[in-house]
Each structure stands twice: as C-alpha cells, then as structure tokens.
Amino acid sequence: MDQFMGMQMLMGNLKLPSYPMYWMNEIRINTIADVMPINRYKALRRYIHVVDNSKKDEADNKNDKLFKIRPILELVRDNCHKIEPEPVHSIDEQIIPAKTKHSGIRQYNLKKPHKWGFKMFVRSGSSGIIYDFFLYCGAKSSGREDCSAENVVLRLAERIPKNLNFKLCFDNWFCTLSLCLKLKKIGILTTATIRTNRIAKCPLLSEKDLKKQGWGSFSYKVDANSGLLLLRWFDNKCVHMTSTYCSANTSGNVKQWDQKNRKHIQVPCPQVVKEYNTGMGGVDLSDMLITLYRIPMKTKRWFLHVLVHCMDICKINAWLLYRRHGNQLNISQRSQLNLLQFSSQIANALIMKSKRVDRPIGRPIKKLSTNSDLTETRGRKVQVPTPQNDIRNDEFGHWPNPQINKNKCRLCKKTVRMSCLKCKVFLCLSNERNCFYQFHTK
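Keep in mind that what you see is a predicted model, and the values were worked out from it rather than measured.

Colleague: Lay out the overall build of the protein with the relevant residues and their values.
Modeller: In terms of regular secondary structure, the protein is built from 14 helices and 13 strands. For a compact globule of 442 residues, the expected C-alpha radius of gyration is about 22 Å, and the protein comes in at 28 Å, more than 25% above that figure. With respect to the principal axes defined by its C-alpha atoms, the protein has extents near 95 × 55 × 45 Å. Looking at the protein as a whole, 43% of its 442 residues qualify as buried. Long-range contacts, defined here as pairs at least 24 residues apart, represent 56% of the contacts in the protein between residues at least 6 apart.

This is the structure we're talking about:
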C-alpha cells in the first residue's frame, strides 16, 4: 500500500489522461510501471477500503454518512491540530472535485471552478497551512444538530487558543454581528466582510453620498459597549466591513485602475480593509497548491476522492512546515526544495521503502549474454543520488552486490567493487572497513 500511494503521488506530478497509459509500450513511465504490474495495481485500486463494511449496521455507524472514510478524516484532522498555530487564521470553503454520486454529500455550484464535488469547510493560516476542517454532509448531518454558517465558524474556531490575540477572518457568507460578539466573548478577535441586510440598520452614509466624495471615502460607527466597528467603504462599489479590534483610521493607499482616465490611481484604504486583505486568502492559497499536483483518482467510489484529498492536505502541510523551518534556520529560498521536488521525494520514499529488489517483476526475459556486457563502459560515470533516510534505514532488501566495474565508496571514498542492490551506491565491505553497515544504520 505504501508503493500504491507513492505511485498515485507520482501520477499527480506527471499527469496522463488515463492510468493504463503509464504501462503502455509507446509512452511507458518506468518510475511508475517498474514498481508493480498493471494487474496488481488494478487489484489494489479495486479492493482498497478504509473500514470494514460489515460494521455499517451497528448502532453508532448506521446514520453516519461518512462511515467509509471517517477514520482517515479523524486521523488527518488530529495531526493538523498538532501544528503550531499562526497568529492570523481564515475560514472558507474548499471543494473536492468529483462527479460521483452520493446522497446528501455531493454539491453543485455553478460559480465554482469545479462545479460538482464535496464541500469541505476549512480553517487555514495566512501561509496556507490547514489547521482544521470537516466535510459538509447536509444542513443537519455534519455531526452537529445544526450546520448553519454561524455554527460552522464556532466549530472550526474551537481549537484556536483563547485570549491570546489570535485573529480570525471570514467572508460575508459566514459573518453576522452576533457571531463577531460571540467570538470576542470567548477571546478571539475577528475581521470580516458583512452583507447589507445584516448590519442591523446601522445609520451609515448612503452609497450615493460616498460616491460623490469619491474613491476611498468611508463611513463608520463603533458600538460603545462592545467596541464593534462597522464600516462602509466605497471602492468600485460599497463594501461593508466589521471588526472587533481594528480602527477606521486610514493606514495607507491601494492601487486601483481608473477606467475613465485609463491609469492607476492611489485610493485611501482604512486599516480594517488592509487587515482583511492580509489575513484572508489562506484557504485559497492552500487550494491553489493542492491543484498544482493534485493526486488523480478517477473512480465511481466517492470515498476514494476524499482519501486522496486528505493525502494532498498532508503533503501541502508538510511542505509548508518544511518552508517555515527553513526560514527559521535562515536557509535561502533557492536552497529549499520546491513543491514538485518535495512531493517527488515523498513518492520515491514510499515506493522504495520495504521494497523487495531480489524478486523480478513480471515474466523473466531471456537474453543472450555477450562479451560486450562484461566489458567496462568508457566515458563519464553516472552519479547515483544518495537515497532518503527512510529508504536507507528500513533494513529491508539491502544486499551486497559484487560489481565488475570499480567505483568510489559513498562514505570513505575508497575504490571498491561492492554495491548495495537496493540503494545502487558503492560501499566498502571487508575486514578492514564495513561502510556497508554504517551507511544503512546511521
């Protein structure tokens, strides 16, 4: 199964229209096709399951629409909770693209890039790291009695540290004035956009009056008891903002395109708008990173789409944590692995870990031996990269393999004729030096 998941991750990095094409003679991809035969891959793909289906009729699982994928969702979510949180978070929805049918779960939204799919509510940091999520199963079937917009925010904000100046941003679909006051009462600061019909008839300047004053004009009111700010700012049209910690002071300008004069102009921007633009967008960033190398899974079984999406969440979180730690150690961006290199190394480690190399794959091919096969090849020698630590230290399939050609030991740089059958690197194995043991244990 490790190799199967590694192959799926590589298929996301090198996408083809259908998975049998990776084994076709005309366009064979050896890094995937050499791992296992296509019939073995089809069997794993066909019979893969997360839970025992015979337990579906039990009392606790009978009404659970996510029974087939519940353990994976809880496992990934618990690991997301262990990540050190950022000071600014945002809540938004994320779509898992799938056209497979499932009663009460699949959603259709004409305005989304992926119109058919499963809706997932996500809390993310400004860097794109996902800290919490849950799958939407209907208005009253997501594990709580009510799945309204207000309860979605309160559910995702349960794990945010309280009374430590952590900030939360969300859009006007979630926002109400009562929700902002509830979050402030439990110790979470908020900034959000709000719809016109939810401002409780606050006496702000009309859009017509703000339009006369020009771009960047705004009108605001502050509640004397709670400190809640409600602001109407005129951009291309009026935008309503609310916050429990920001002020309405102008904190700079934003560049806007003037269609009438055909040039960019500077528009005054209140602090609450700047805070919202800075904090919001983490979920969209995470969604963009997932889309770059999304793990493919074309199937009619709905829970497999959720399974590979959870793998994508783990992959993106791991890469963003790697980038965070690299920045803390003052490692330059050029020296760090990009997302493609990072995901390729993870896939290679999954494929090579616990892989048997002493047994050939498929039918043996009869080949006549010639004297040219035994002669040393001239020219520049191909440098074999050092495998990842997960492969070096798995203690599985590392056998000494005598070679005709000479090469330098990977540790002591002495010239030897012995290599590792799995790692493909030359190592010393004699009475004087045992680099073979040191390489696979340190």
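This is not the end of the story, as more comes after the structure.
Colleague: So, unusual backbone geometry: which residues are in play, and what are the values?
Modeller: Not every positive phi belongs to a glycine, and Ala200 is a case in point at roughly 55°. Relative to the helices and strands, Ala200 is located in the loop between strand 6 (189-193) and helix 7 (207-213). With a relative accessible area of 63%, Ala200 lands in the exposed category. A positive phi angle, close to 60°, is found at Asn330, a residue other than glycine. Tracing the sequence through the fold places Asn330 in the loop between helix 10 (302-328) and helix 11 (339-352).

Colleague: Explain the pairing of strand 12 (residues 400-408) to me, and be specific about the residues and the numbers.
Modeller: Moving residue by residue along a regular strand, the side chains alternate between the two faces of the sheet. Across 5 bridges, strand 12 lies against strand 13 (residues 415-420) in antiparallel orientation. Bridge assignment links Asn407 to a residue of strand 13, and that residue is Val416.

Colleague: Tell me about the pattern of salt bridges, and name the residues and values.
Modeller: Per the stated rule, a full pass over the model turns up 10 salt bridges. Of the charged contacts in the structure, one is a salt bridge between Asp64 and Arg70, with a shortest N-O distance of 2.7 Å. Assessed through its relative accessible area of 15%, Asp64 is described here as buried. Between Arg324 and Glu86 there is a salt bridge, with its nearest N and O atoms 3.9 Å apart. Taken as a pair, Arg324 in helix 10 and Glu86 in the loop between helix 4 (70-81) and strand 1 (88-97) lie far apart in primary sequence, 238 residues in all. Given the relative accessible area of 19%, Arg324 is considered buried.

Colleague: Break down the packing of helix 4 against helix 10 for me, citing the residues and quoting the values.
Modeller: Contact geometry of helix 4 with helix 10 gives a least axis separation of 10 Å together with a crossing angle of 15°. Compared by their axis directions, helix 4 and helix 10 come out roughly parallel. Along this stretch, helix 4 crosses helix 10, giving a crossing that reads as left-handed. Together, Ile72, Leu73, Val76 and Cys80 of helix 4 and Val306, Leu307, Cys310, Ile313, Cys314 and Asn317 of helix 10 make up the contact between the two elements. Here the contact of helix 4 with helix 10 is built from residues that sort into 9 nonpolar, 1 polar and no charged.

Colleague: Explain helix 1 (residues 2-13) residue by residue, including any values.
Modeller: Taking 1.5 Å of rise per residue, the 12 residues of helix 1 would be expected to cover 16 Å, and the 17 Å separating its terminal C-alpha atoms lies within 8% of that figure. Extensive coverage of helix 1 is indicated by the burial of 11 of its 12 residues. Within helix 1, burial applies to Gln3, Phe4, Met5, Gly6, Met7, Gln8, Met9, Leu10, Met11, Gly12 and Asn13. Taken together, the buried residues of helix 1 touch helix 2 (30-33), helix 3 (38-47), helix 10 and helix 11.

Colleague: Account for the packing of aromatic side chains, naming residues and giving values.
Modeller: In total, this model carries 13 aromatic pairs according to the counting rule given. On the numbers, 5.5 Å between centres and 40° between planes, the contact of Phe121 with Phe134 is tilted. Of the two residues, Phe121 sits in strand 3 (residues 116-125) while Phe134 sits in strand 4 (residues 130-135), which places them 13 residues apart along the sequence. The residues Phe121 and Phe134 share a single accessibility class, namely buried. Through a chain of ring-to-ring contacts, three or more aromatic side chains come together here, namely Phe121, Phe134, Tyr136, Trp173 and Phe174. Sitting above the plane of the Tyr245 ring, Lys167 keeps its charged end 5.4 Å from the centroid. Directly above the ring of Phe439 sits Arg392, whose terminal nitrogen or CZ lies 4.0 Å from the centroid.

Colleague: So what's going on with a nonpolar patch on the surface? Residues and values would help.
Modeller: On the surface, Tyr108, Leu110 and Trp116 cluster together into a nonpolar patch covering about 330 Å² of accessible area. Position of Leu110 relative to the elements: it lies in the loop between strand 2 (106-108) and strand 3. Relative accessible area serves as the criterion here: at 58%, Leu110 is assigned to the exposed category.

Colleague: Tell me about the packing of helix 1 against helix 3, residues and numbers included.
Modeller: Viewed as axis vectors pointing N to C, helix 1 and helix 3 meet at an angle of 100°, and their least axial separation amounts to 11 Å. Judged by the inter-axis angle, helix 1 sits roughly perpendicular to helix 3. Listed contacts from helix 3 to Phe4, Met7, Gln8 and Met11 of helix 1 are Tyr41, Leu44 and Arg45. A class-by-class count of the residues in the contact of helix 1 with helix 3 yields 5 nonpolar, 1 polar and 1 charged.

Quick notes on the rules
- Residues numbered from 1 in each chain as written.
- Predicted model: local features only at pLDDT ≥ 70, side-chain atom pairs only at ≥ 80, totals over all residues.
- Heavy atoms only, no water.
- Helix = DSSP H or I, 4+ residues; strand = E, 2+ residues; numbered from the N terminus.
- Rg over C-alpha atoms; globule rule 2.2 N^0.38 Å.
- Buried < 20%, exposed > 50% of the residue type's maximum accessible area, 1.4 Å probe, protein only.
- Contact = heavy atoms within 4.5 Å.
- Pairing = 2+ DSSP bridges.
- Salt bridge = Lys/Arg side-chain N within 4 Å of Asp/Glu carboxyl O.
- Axes fitted to C-alpha atoms, helices over the stretch in contact; angles between N-to-C directions.
- Parallel < 35°, antiparallel > 145°, perpendicular 65-115°, else oblique.
- Left-handed = near helix turned anticlockwise from the far one by under 90°.
- Nonpolar A, V, L, I, M, F, W, Y, C, P; charged D, E, K, R; others polar.
- Expected span 1.5 Å × (residues − 1).
- Phe/Tyr/Trp six-rings, centres within 6.5 Å; stacked < 30°, edge-to-face > 60°.
- Lys NZ or Arg CZ within 6 Å of the ring centre and 35° of its normal.
- Patch = residues over 30% accessible without salt bridge, like charges linked within 9 Å, V, L, I, M, F, W, Y side chains within 5 Å.
- Areas by Shrake-Rupley, 256 points an atom, 1.4 Å probe, with all protein chains shown as cover.

Fair warning: the whole summary comes from geometry, so function is off the table for now.
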